[in-house]
Amino acid sequence: MQNAAGRTFDVIVVGSGASGGWAAKRLAEAGVSVGLLDAGRALTDADYKEHQPAADLAYRNRAPEVIRRTRPVQKDCYACSEWNYDWFRNDIDEPYTTAKGKPFSWQGRMQVVGGRTNVWGRQSYRFSDLDFKPASHDGFGDDWPLGYDDVAPYYDLVEDYVGITGLTEGVYELPDGRFHPPMGLRCVERQFKTRVKDKLGWTMTLGRSANLTKAINGRQPCHYCGPCARGCVTHSYFNSAFTTVADALKTGHCTLVTNAMAYKVLMDPVKHRARGVLYIDRVTREPKEVYARAVVLCAQALESTRILLNSAGEQDPAGLGNSSGVLGHYLMDHLWVAGGASGEFPDLAAKEKPSADGPNRPDGIYVIRFRNTKAGPQAKDFLRGYGFQGGGSTSFNWDAPGFGGEFKRSLLDPVVSMGLAGFGECLPYYENYVAIDPNVVDAFGIPVLHVNMVFRDNEKKMIPDMMESAAEMMAAAGAKNIRPWMALDRVPGYGIHEMGVARMGRDPKTSVLNQFQQAHDVPNLYVMDAASFTAGACQNPTLTIMALAVRSTDYLLAEMKKGSV
């Protein structure tokens, strides 16, 4: 960690993940001095454990309750394991509170440089104009203050740099991107794709994943070892720590300040402009200040909003940038794995053989939204739509009958199966919100967030439809032993796609930010993570987070050249 206390930069960027890495890279490469604050430590390739077997671990990754002693919430994250649990924040030291009867699982709270890009699922999908202008389509909520054509060039730029495997499909609801060669589909997935398209008209495609299939920028193609959430020594998946942040540091114009827990934005009381950031040193627990011409918050939607709310003062009693009163409101998360189906394909068993050791494709499939489309029929019970993630597999017959030699022979009979799990859009509701809990502080003395969110009727009505349509696809594909399922009690937060609590909009009376993620109230303050989202779509948000961050950073650079910032 560099000692930056008291220093003045051109721009302070808080957070080094998907958006913060891009902001730092674009600014530093333009010759702007950047102070990049991150709440955690920096990792090296020696910290990556994707090739370490479980047998080498102290508890063989079979003692989750040991991890839950300090990370009872984080352990619920699919990516948190004995290999990497120390990358996640300590829930005891850094709690949050929830409304009575309204559980919220705030997962993926990272304390390493690169943030969630160290462990993310890498699914990278563009939003369509239908997603940017949903209110024009169905009348609910608000359109974004921008459209697909405004963001498309930045999607191109980000995809070229990140490296995304995918297939072009020509479907309006999921615009095609600039893809690396596809990783390829399994036999069962190809059959499923063809038959579902022929019989139902719905499109299954390869998951569009930020895993390289060709070398770029010194990074090597994926070697199919599988567990990306433990890191990657060949840098084959996108992680801002060894891509955008590394590029920013190479310029000599970026100073990385680690273990810096951002507390609040410092304000000039006369000009009402941001002048810096107060942070707590995670190691010494000392408060420190850094200063800049502009401040860019990229801490993650809830964390950035927490900083704004904790920055309340005489001029901003309800939180910084909150003259509209909507800061903290319209919290969204995707309806995660809420309904689906699985099925078996015995007719394909002769074509595939199970393997005990890979190769393991680090990607699945995606079924593009087919409900409430631009030109298609509209659902009677709910607005917006959902997509499916999942994939095919060929496994050993673990349920084989018999004993001894008979069991061993039957065990080798391949079981070819396919599974689908739905991810649905959550509408933006004012009543879903976060606020500062006045009675609780974390171990660093920073007031914590209080989260009040539930999935409402529109989301709940999607779930049976997810189950029914998934089973319909399985039948169309020729599956046997079809097992439909649904989970009506989904808890918000498990999607790990928090969005919308500092929304952008055209009207400063109903939004916090403009289309360039610039605060309406404070012109040298920007929020470039998913807090800015006006609506959430049903696709994973990270690609859009990055594209918007590049667009907004370019705008900030132009404003700095004009002298407006």
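Refer to the preceding data block for the structure.
Residues numbered from 1 in each chain as written. Predicted model: local features only at pLDDT ≥ 70, side-chain atom pairs only at ≥ 80, totals over all residues. Heavy atoms only, no water.

1. Brief notes about the sheet that holds strand E10 (residues 365-367)
Taken in spatial order, the 6 strands of this open sheet run E4-E10-E11-E12-E9-E15, and their pairing is antiparallel. Edge strands, defined here as strands with exactly one partner in the open sheet, are strand E4 (204-206) and strand E15 (480-486). Ignoring strand direction, the axes of neighbouring strands in this sheet form an average angle of 25 degrees. Packed onto the sheet, helix H6 (residues 187-200) meets E4, E10, strand E11 (386-395) and strand E12 (415-424) and runs at close to 55 degrees relative to E12. Across the sheet, helix H10 (residues 457-477) is in contact with strand E9 (335-344), E10, E11, E12 and E15; its angle to E9 comes to roughly 20 degrees. (Pairing = 2+ DSSP bridges. Helix = DSSP H or I, 4+ residues; strand = E, 2+ residues; numbered from the N terminus. Axes fitted to C-alpha atoms, helices over the stretch in contact; angles between N-to-C directions. Contact = heavy atoms within 4.5 Å.)

2. Thoughts on the sheet that holds strand E13 (residues 433-441)
Reading across the sheet, the 3 strands line up as E3-E14-E13 and stay open at both edges, with mixed pairing between neighbours. At either margin of the open sheet sits one strand with a lone partner, and together these are strand E3 (97-98) and E13. In this structure, E3 lies alongside strand E14 (residues 447-452), joined through 2 bridges in parallel fashion. Directly across from Thr 97, in E14, lies its bridge partner His 450. Most of the contacts of helix H8 (residues 301-310) go to E13, to which it runs at about 65 degrees, and overall it touches E13 and E14.

3. Quick notes on the pairing of E14
Counting buried residues along E14, 6 of its 6 residues qualify, which places the element largely inside the surrounding structure. Here 5 bridges tie E13 to E14, and the two strands are oriented antiparallel to one another. Bridged to Tyr 433 within E14 is Asn 452. Hairpin geometry of E13 and E14 is characterised by an intervening segment of 5 residues between the two adjacent antiparallel strands and by a positive phi of about 80 degrees at Gly 445. (Buried < 20%, exposed > 50% of the residue type's maximum accessible area, 1.4 Å probe, protein only.)

4. Some details on the side chain of Asn 118
Within the fold, Asn 118 resides in the loop between E3 and helix H3 (129-132). In terms of polar contacts, Asn 118 uses its side chain to reach the side chain of Asn 239, at 2.9 Å. Not counting residues within four places of it along the chain, the set of residues in contact with Asn 118 comprises Leu 43, Tyr 48, Trp 87, Val 112, Val 113, Cys 228, Ala 229, Tyr 237 and Asn 239. (Polar contact = N/O pair within 3.5 Å; in protein donor to acceptor, adjacent residues only side chain to side chain.)

5. Digging into the side chain of Asn 322
Examined against the element boundaries, Asn 322 turns out to sit in the loop between H8 and E9. Among the polar contacts made by the side chain of Asn 322, one reaches the main-chain amide nitrogen of Leu 327 at a distance of 2.9 Å. Not counting the four nearest positions on each side in its chain, Asn 322 is found in contact with Leu 327 and Asp 521.

6. Points about the packing of aromatic side chains
Overall, the coordinates contain 23 aromatic pairs when judged by the stated rule. Residues Trp 120 and Phe 238 carry aromatic rings whose centres are separated by 6.4 Å and whose planes lie at 85 degrees to one another, so their mutual orientation is edge-to-face. Of this pair, Trp 120 sits in the loop between E3 and H3 while Phe 238 is found in the loop between E4 and helix H7 (244-250), placing the two residues 118 residues apart along the sequence. The exposure class assigned to Trp 120 is buried, which follows from its relative accessible area of 9%. Phe 238 sits in the buried class, given a relative accessible area of 0%. Between Phe 370 and Phe 388, the ring centres sit 6.5 Å apart and the planes meet at 20 degrees, which makes this aromatic pair stacked. Residue Phe 370 is located in the loop between E10 and E11, and its partner Phe 388 is located in strand E11; the two are separated by 18 residues in the primary sequence. Each member of the pair Phe 370 and Phe 388 is classed as buried. These aromatic residues form a ring-pair network of at least three members: Trp 202, Phe 370, Phe 382, Tyr 386 and Phe 388. The aromatic ring of Tyr 172 is capped on one face by Lys 374, whose charged end is 4.6 Å from the ring centroid. For Arg 456, the ring lying beneath its charged end belongs to Tyr 429, and the centroid distance is 5.3 Å. (Phe/Tyr/Trp six-rings, centres within 6.5 Å; stacked < 30°, edge-to-face > 60°. Lys NZ or Arg CZ within 6 Å of the ring centre and 35° of its normal.)

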